[in-house]
Amino acid sequence: MRIALSLLFLVIGFPCFDWGFSQETATSSVQALSPDKERSLLARATDLFYLKDYLGARTAAEEFLLRYPKSAHLPAVYLLLGRAGQALDRKKAILALETLLKQFPSDPLATPARVELGKAYLAIHAPDKAITLWQNVEGETAEKISVYDQAAQLEETTHPKRAIHALKLMHDLLLDIDKREALKERVRLILTERLEEADIREVIEAYRPMFPADEAAIALIALLDSKEEYDREMQVLETFVPLFPHHPYAKTIPEALADLQDKIKAQKFLIAAIFPQSGKASTFGVAALNGVRLAIGQWRGSRPEASIGLIVSDENKGNIQMERWLKEYRPVGIVGPLLSKQVNRIGAIAKRLKLFLITPAATSASLVSLGESVIRHAMTPRSQCLAMVAYAAKKMRAIRYAVLYPDDPMGWLTCFSETIEQSGGVLVHAESYVKGTTDFRQAISRLKPAGDGSGALQLGFDVLLLPGEAKDIRLIAPQLKFYGIQKIPLLGSHHWGNPEVLASVADDVDGAVYVSGFFPQSHKPYVQDFVEAYKTQFHMEPDLFAAQAYDATTLILTAMDTGKDITPQAVRDAIGRMRDVPGITGDLSGVRHGEAIRSPIFVEIVNGKHIQTSFIHTNR
């Protein structure tokens, strides 16, 4: 009888848990033990555990495993090892309990084993494992709530997002309204006291359109309002109702939006950002908008007294809506749009309203209002063409040029022909290729290498200009070498600025130089400051769109800071007078006929590394 009671204690466990099966089940398990030696050894291990001789109990249980590896009572032995091990070696205890659940997932002892294992995970500060252990188990609500609650407490300080996840699981199990509300308050405190903006946005994305995404959205609105980032606050407010239409907070949105508009208008000066917010170009729009936000945020930080706000619109907004929006806010300057057709459309509206815009990306050769209501702050094909020829002529002393270029409407050949002639050089050969070409044999063969009488090839040019994209150069460079065109300087456009694409042909492009509109690895301290600030705030690498939008915004802010009269026309005129202004995308030498003229950046590929050169040229 004593053996049966000892085993019954092992199976039933501590009185604070309900294991989910009866005393009769446990007793029948004891009576079924056979042969006598197997029963005797398990009973001895159980007695030792009952007497709190955990080492003795574990030793006896381990002996049982060695002697009876195929016993029908292995679940009870593993459970005993797990419990005894809690006081001796928690890692071994966890291993025993994990083995029980893995080998005998349907055994009645799986439930008490899971409880013991959950306690062990929590004890070693692995609450994520405890949560995973219980998350897909049917029933056992009380045990789950207890585990989730303890997990949240453990995670709140070190891993607050995990704590929120545990509370979300707990919330879904609670039926008591008061307890649910108390739990929500715990989530609100974590959101407001423990999380940064990026983390709050992650919570929204992870759980929308359910709790706790709603609480995260409300916390984000409050955070942005406290930082006076009203344009971003408005975006969150406008998306709240579609996400949570039945939420009590949704009823307050119209009033909140009206108050927000008043706050925006109360700021003394406004800058507008107009970029694509949907469609294929939206990724570039986000990067550009981030550049604008960073510039304004830094300006505010250095000038706390400055009353400068930002308003944001989608560049795809219709003419009537766009004109109404610009009339309502009357920004001192507009940054955007990105696409040339939108620049022409919105530039006409800006001209009608006596406003102006700086486009950080439009490269069309003909922008209707360029020089009037539109300033272009972008690296165009023409500016790259001028820079490439200048480098070849001044740095390489090139006279004879060859060009292998993509046959597209960018106007490469016309520009190269004119610029090379103006530099005193000669374009001896030009060869185009169709976009998407992979075999450049015919084009390369027509670059006309000639014999010098000794069997060696004598090229008829000093430099080869390759304005194509990096994916083209990855194919062209090794084929040039294969067909005998070697040791000839290669000059490329800003499309080369993808080190990953060119890494596979590093030897073939070693020594090549390309023009860059933005070089994140620049040796200039202010460029590095920009890159670090951008990564810190937006958790991504800045690209050319972000850098050009940042510089465009800085031009407007600088003009506002230096001018006595801060009107759109006065700011536009002040930008037109600027000279020798440092910039992330190259130093500004001036604005000519609506074009912001910046010194291009030249990057050389050396042993697979992309390094900024010291060569300086201004496209005046």
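Remember, predicted model here, so these are calculated numbers, not experimental data.

**Student:** Account for the overall build of the chain, with residues named and values stated.
**Tutor:** Helices and strands together make up the secondary structure of the chain, namely 26 helices and 16 strands. Here the C-alpha atoms of the chain give a radius of gyration of 35 Å, more than 25% beyond the 25 Å that 2.2 N^0.38 yields for 620 residues. For the chain, the spread of C-alpha atoms along the three principal axes comes to 110 × 75 × 35 Å. Residues counted as buried form 50% of the 620 residues belonging to the chain. A sequence separation of at least 24 residues applies to 62% of the contacts in the chain between residues at least 6 apart. Entry remark: accessible area of the chain is about 29900 Å², with carbon and sulfur atoms responsible for 53%. Counting 71 positive and 73 negative side-chain charges, the chain places the centres of these two groups 4 Å from one another.

**Student:** An account of the pairing of strand β6 (residues 400–406) is needed here, citing residue identities and associated values.
**Tutor:** Of all 7 residues that make up β6, 6 are buried, and the element is covered over most of its length. In the sheet, β6 pairs with strand β7 (residues 426–433) via 7 bridges, with the strands oriented parallel. Note on β7: the bridge partner recorded for Arg400 is Val426. Note that β6 and strand β10 (residues 463–466) share 3 bridges and pair parallel.

**Student:** I'd like a rundown of the pairing of strand β2 (residues 308–314), residues and numbers included.
**Tutor:** Counting buried residues along β2, 7 of its 7 residues qualify, which places the element largely inside the surrounding structure. Two strands pair when backbone bridges link them, and strand β1 (residues 269–275) and β2 are joined in this way by 7 bridges, in the parallel orientation. Looking at β2, one finds that Ile271 is bridged to Leu310. Each parallel crossover has a hand, and for β1 linked through helix α16 (residues 282–302) to β2 it is right-handed.

**Student:** Requested: an account of the sheet that holds strand β12 (residues 513–516), with residues and values cited.
**Tutor:** A sheet is described by the order of its strands in space; here 7 strands give the open sequence β7-β6-β10-β11-β12-β15-β16, paired in mixed fashion. Across the chains shown, the open sheet's two edge strands, defined by having one partner strand only, are β7 and β16 (609–612). The average angle at which neighbouring strand axes cross in this sheet is 25 degrees, direction not considered. Bridging between strand β15 (residues 601–606) and β16 involves 4 bridges; their strand directions are antiparallel. The partner of Val606 across the bridge, within β16, is Lys609.

Conventions we followed
- Residue numbers run consecutively from 1 along every chain, following the written order of its sequence.
- Only residues with pLDDT of at least 70 get local features here, since the model is predicted, and only at 80 or more are side-chain atom pairs given and counted; chain-wide, interface and lining totals rely on the full set of residues.
- By convention in this description, side-chain values take in all heavy atoms of the structure and omit both hydrogens and water.
- Strands here are runs of E lasting at least two residues and helices are runs of H or I lasting at least four, both read from the DSSP assignment and numbered beginning at the N terminus.
- Note that the radius of gyration is over C-alpha atoms, with the globule rule given as 2.2 Å times the number of residues to the power 0.38.
- Relative accessible area decides the class of each residue, using a 1.4 Å probe on protein chains only: under 20% of the type maximum gives buried, over 50% gives exposed, and in between gives partly exposed.
- We call two residues contacting when some pair of their heavy atoms lies within 4.5 Å.
- Accessible surface area values rest on a Shrake-Rupley calculation with a 1.4 Å probe, where residue burial reflects the displayed protein chains alone.
- Residues counted as positive are Lys and Arg, residues counted as negative are Asp and Glu, and His and the chain ends are not counted.
- By convention, the point assigned to a charge is CZ for Arg, NZ for Lys, CD for Glu and CG for Asp.
- Strands are treated as partners if at least two bridges between them are detected by DSSP.
- With the strands aimed away from the viewer, a crossover counts as right-handed if its path from the first strand over the helix to the second runs clockwise.
- The angle between two axes is taken between their N-to-C directions and runs from 0 to 180 degrees, where each axis is a line fitted to C-alpha atoms and a helix contributes only its stretch in contact.

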